[in-house]
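What follows is the residue order along each chain.
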Amino acid sequence: MSVRLGINPIGWTNDDLPELGDDIPLEVCLREAREAGYAGIELGRKFPRRPEELRPLLARHGLSLVSGWYGARLRDRSAREEIEAMHDHLELLAALGCRVMVFAEVSGSIHGRREIALSRRPTLGLAEWARFGERLTEVAEHVHGRGLRIAYHHHMGTVVQTEDEVDRLMAVSGDTVGLLLDTGHLRYADGNVVDVARRHAQRLAHVHCKDVRASVLTKARDDDRSFLDAVLAGVFTVPGDGAIDYAPLLVTLESAGYSGWLVVEAEQDPAVAHPATYARLGFDYMSRAVTAAGL
């Protein structure tokens, strides 16, 4: 395979809902991720943030560090201020050999606020896009100088959520800004995953493979639920257990020459969805799909 399969620890411990998986030790998460077959894992809130602590911990479990989420506030501060704020995070990723930084604008975001419906999310005004793109590009160029690429994560409840907003972001930013394509978030936002992958094939830097339960998603939209209420209702699951057909996307990635990570990710309550079971389900499905696509 020219791609590698990784996993996000959010199935074991949720960063936005601390009560989900708070009792699951990090060692259990790492052991079960490797036993499921994954080569790497992204950061979560229980991970040590010092290279000299994290490196041997991951090595003991035979895992690479894939990347880690960074929440930016470029609407509120300059590119230089953002670069200073991200310094420690960027240095950790660089020290562990990561090639991408998962990056999302979180100014005013409601994805972590259970009491606020998704219809009340923040948006960028027409006059804001150009300035936002300039600041983002400046930050991305700095990250590129450290040997990584920004992988911008469109995300429910943030200013870049819809397919149109992904297109606009790519238009106002430079090529150093890569795109993190998240299948579950784009499907939630009623976007077309394959179309976005085709249009921005040369900007694809990272892929999150998240599936959706169609009936739960329909109700979440109809009821205008908050993002976290939808998560608790079970809107997300791993590939192979939901409504998304990954075959067309993987063929598109193969045609584009994509050779990065495919990260299985699904926010679920570990008391309901056994983490090791779903990790294995996602790995087995993605392994078969990747082989069939020739990746």
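Residues numbered from 1 in each chain as written. Predicted model: local features only at pLDDT ≥ 70, side-chain atom pairs only at ≥ 80, totals over all residues. Heavy atoms only, no water.

Trainee: How should the side chain of Ser107 be read in this particular structure?
Mentor: Summarising the element assignment, Ser107 is placed in the loop between β5 (100–105) and α5 (129–145). What makes Ser107 buried here is its relative accessible area of 4%. Within the local environment of Ser107, its side chain forms a polar contact with the side chain of Asp76, the two groups lying 3.2 Å apart. Among the polar contacts made by the side chain of Ser107, one reaches the side chain of Glu105 at a distance of 2.5 Å. Setting aside anything within four residues of it in sequence, one finds Ser107 in contact with Ala72, Arg73, Leu74, Arg75, Asp76, Pro122 and Val159. (Helix = DSSP H or I, 4+ residues; strand = E, 2+ residues; numbered from the N terminus. Buried < 20%, exposed > 50% of the residue type's maximum accessible area, 1.4 Å probe, protein only. Polar contact = N/O pair within 3.5 Å; in protein donor to acceptor, adjacent residues only side chain to side chain. Contact = heavy atoms within 4.5 Å.)

Trainee: Help me out: how do you make sense of the state of the cysteines in this one?
Mentor: Chemically, a disulfide is nothing more than a covalent bond linking the sulfur atoms of two cysteines. Enumeration according to the criterion identifies zero disulfides in this entry. In this model Cys29 remains outside any disulfide bridge; the closest cysteine sulfur is found in Cys98, 15 Å from its own. The buried category is assigned to Cys29, whose relative accessible area is 4%. Classification of Cys98 by relative accessible area gives buried; the value is 4%. (Disulfide = S-S within 2.5 Å.)

Trainee: I would appreciate a short explanation of the environment of Ser259 in the present structure.
Mentor: Following the sequence through the fold, Ser259 ends up in the loop between α11 (247–256) and β11 (261–264). The spatial distance from the C-alpha of Ser259 to the C-alpha of Ser2 is 5.3 Å, given a sequence separation of 257 residues. Residues contacting Ser259, with those up to four places away along its chain left out, are Ser2 and Val3.

Trainee: Looking at this structure, I do not really get the pairing of β5. What am I missing?
Mentor: On a regular strand, one side chain projects to one face of the sheet and the next to the other, so that they alternate. Extensive coverage of β5 is indicated by the burial of six of its six residues. Taking every second residue as pointing to the same face, both faces of β5 are buried, with Val100, Val102 and Ala104 on one and Met101, Phe103 and Glu105 on the other. Sheet analysis places strand β4 (residues 69–72) next to β5, joined by four bridges and oriented parallel. For Gly71, the partnering residue across the bridge sits in β5 and is Ala104. Looking at chain direction, β5 and strand β6 (residues 149–153) are connected through four bridges and run parallel. Residue pairing in the sheet places Met101 in a bridge with Ile150 of β6. Each parallel crossover has a hand, and for β5 linked through α5 to β6 it is right-handed. (Pairing = 2+ DSSP bridges. Right-handed = clockwise from strand over helix to strand, strands pointing away.)

Trainee: Looking at this structure, how should I read helix α6 (residues 163–172)?
Mentor: For the α-helix, the turn length of 3.6 residues means that residues three or four positions removed from each other point alike. Within the span of α6, buried status applies to Glu163, Glu165, Val166, Leu169 and Met170. The arc enclosing the buried residues of α6, seen along the axis, measures out at 165°, which places them on a common side. Residues of α6 that are exposed and point over 90 degrees away from its buried face: Asp164 and Ala171. Contact partners of the buried residues in α6: α5, β6, β7 (177–182), α7 (183–188) and α8 (193–199). (Arc of directions from axis to C-beta.)

Trainee: Which parts of the structure should I look at to understand the packing of aromatic side chains?
Mentor: To describe a pair of aromatic rings, one takes the distance between the centres and the angle between the planes. Applying the stated criterion to the full structure yields seven aromatic pairs. Between Tyr38 and Phe283 the ring centres are 5.1 Å apart and the planes differ by 75°, which places this aromatic pair in the edge-to-face class. Of this pair, Tyr38 sits in the loop between α1 (26–36) and β2 (40–41) while Phe283 sits in helix α12 (residues 275–293); the two residues are 245 residues apart in sequence, bridging distant segments of the chain. Assigned by exposure class, Tyr38 and Phe283 land together as buried. Members of the aromatic cluster, each reached through a chain of ring pairs, are Tyr70, Phe103, Phe132 and Tyr152. Above the face of the Phe236 ring, Lys210 is positioned so that its terminal group lies 4.7 Å from the ring centre. (Phe/Tyr/Trp six-rings, centres within 6.5 Å; stacked < 30°, edge-to-face > 60°. Lys NZ or Arg CZ within 6 Å of the ring centre and 35° of its normal.)

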